[in-house]
Amino acid sequence: MQVTVDVKGEDTHEVDAEEPTYADLLAAVDLSPHEASVLVDGSPVPEDQPVETDRVTVLRLIKGG
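Each residue is numbered by its place in its chain's sequence as written, counting from 1. Reporting of local features is limited, given that this is a predicted model, to residues whose pLDDT is at least 70; pairs of side-chain atoms are given and counted only at 80 or more, and all residues count toward the totals for whole chains, interfaces and linings. Note that the side-chain values use all heavy atoms of the structure and ignore hydrogens as well as water.

Enquirer: Please clarify how the pairing of strand S3 (residues 36-40) should be interpreted in this entry.
Expert: Walk down a regular strand and you will see the side chains alternate between the two sheet faces. Within S3, 4 of the 5 residues are buried, leaving the element largely enclosed by the surrounding structure. By definition, two strands form a pair when at least two bridges between them are found by DSSP. The numbering of helices and of strands both runs from the N terminus, where a helix is a DSSP run of H or I of at least 4 residues and a strand a run of E of at least 2. Direction of pairing for S3 relative to strand S4 (residues 43-44): antiparallel, over a ladder of 2 bridges. Looking at the pairing, Val40 lines up with Ser43 of S4. Burial here depends on accessible area, computed with a 1.4 Å probe over protein chains only, as a share of the maximum for the residue type. Under 20% is buried, over 50% is exposed, and the range in between is partly exposed.

Listed below in structure tokens is the structure:
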């Protein structure tokens, strides 16, 4: 399955994986679920769910203290 991963404010990546989860897509663009969220049609999705779309948006989370 080929998925377009749009990292907001950064690059767009084409990821090719067999039965990926959303966590697999994050790993493919060198991010972890602790530092980014995956959105499908503007709504967040759990990282352990199988990917059922060909385009996702990744939003990096901001940490502060």
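Still more to cover.
Enquirer: Is there a simple way to think about the pairing of strand S2 (residues 12-16) in this case?
Expert: Pairing between strand S1 (residues 2-7) and S2: 5 bridges, direction antiparallel. Looking at the pairing, Val3 lines up with Val15 of S2.

Enquirer: What's the story with the nonpolar core in this structure? I'm lost.
Expert: Within soluble globular proteins, side chains that are nonpolar generally end up buried alongside one another. Among buried residues, the Ala, Val, Leu, Ile, Met, Phe, Trp, Tyr and Cys ones that are joined through side-chain atoms within 4.5 Å form a nonpolar core. Counting 15 residues, the largest nonpolar core has Val5, Tyr22, Leu25, Leu31, Val56 and Val58 as the members making the most contacts within it. Those elements giving two or more residues to this core turn out to be S1, helix H1 (22-28), S3 and strand S5 (55-60). Ignoring any residue separated from it by four or fewer positions in sequence, one finds Val56 in contact with Val3, Thr4, Val5, Asp6, Tyr22, Leu25, Val38, Leu39 and Val40. Contacts were defined at the residue level, with two residues in contact if any of their heavy atoms lie within 4.5 Å.

Enquirer: I'm lost on the pattern of salt bridges in this one. Help?
Expert: Should their charged atoms come close, side chains of opposite charge can pair. Every case where a carboxyl oxygen of Asp or Glu lies within 4 Å of a side-chain nitrogen of Lys or Arg is listed as a salt bridge. Tallying each qualifying case throughout the model produces 3 salt bridges. Notably, a salt bridge pairs Arg60 with Glu10, separated by 3.2 Å at the nearest N-O pair. Taken together, the positions of Arg60 in strand S5 and Glu10 in the loop between S1 and S2 put the pair 50 residues apart, joining distant regions of the chain. A relative accessible area of 38% places Arg60 in the partly exposed class. The partner of Arg60 in a salt bridge is Glu35, with the nearest N and O atoms 3.6 Å apart. Taken as a pair, Arg60 in strand S5 and Glu35 in the loop between H1 and S3 lie far apart in primary sequence, 25 residues in all.

Enquirer: Teacher, can you tell me more about the environment of Leu61 here?
Expert: Looking at where Leu61 falls in the secondary structure, it is placed in the segment after S5. Between the C-alpha atom of Leu61 and that of Glu35, which follows or precedes it by 26 residues, the distance is 5.3 Å. When residues no more than four places from it in sequence are discounted, the contact partners of Leu61 are His34, Glu35, Ala36 and Ser37.

The quantities given are spatial measurements derived from coordinates; they are silent on function.
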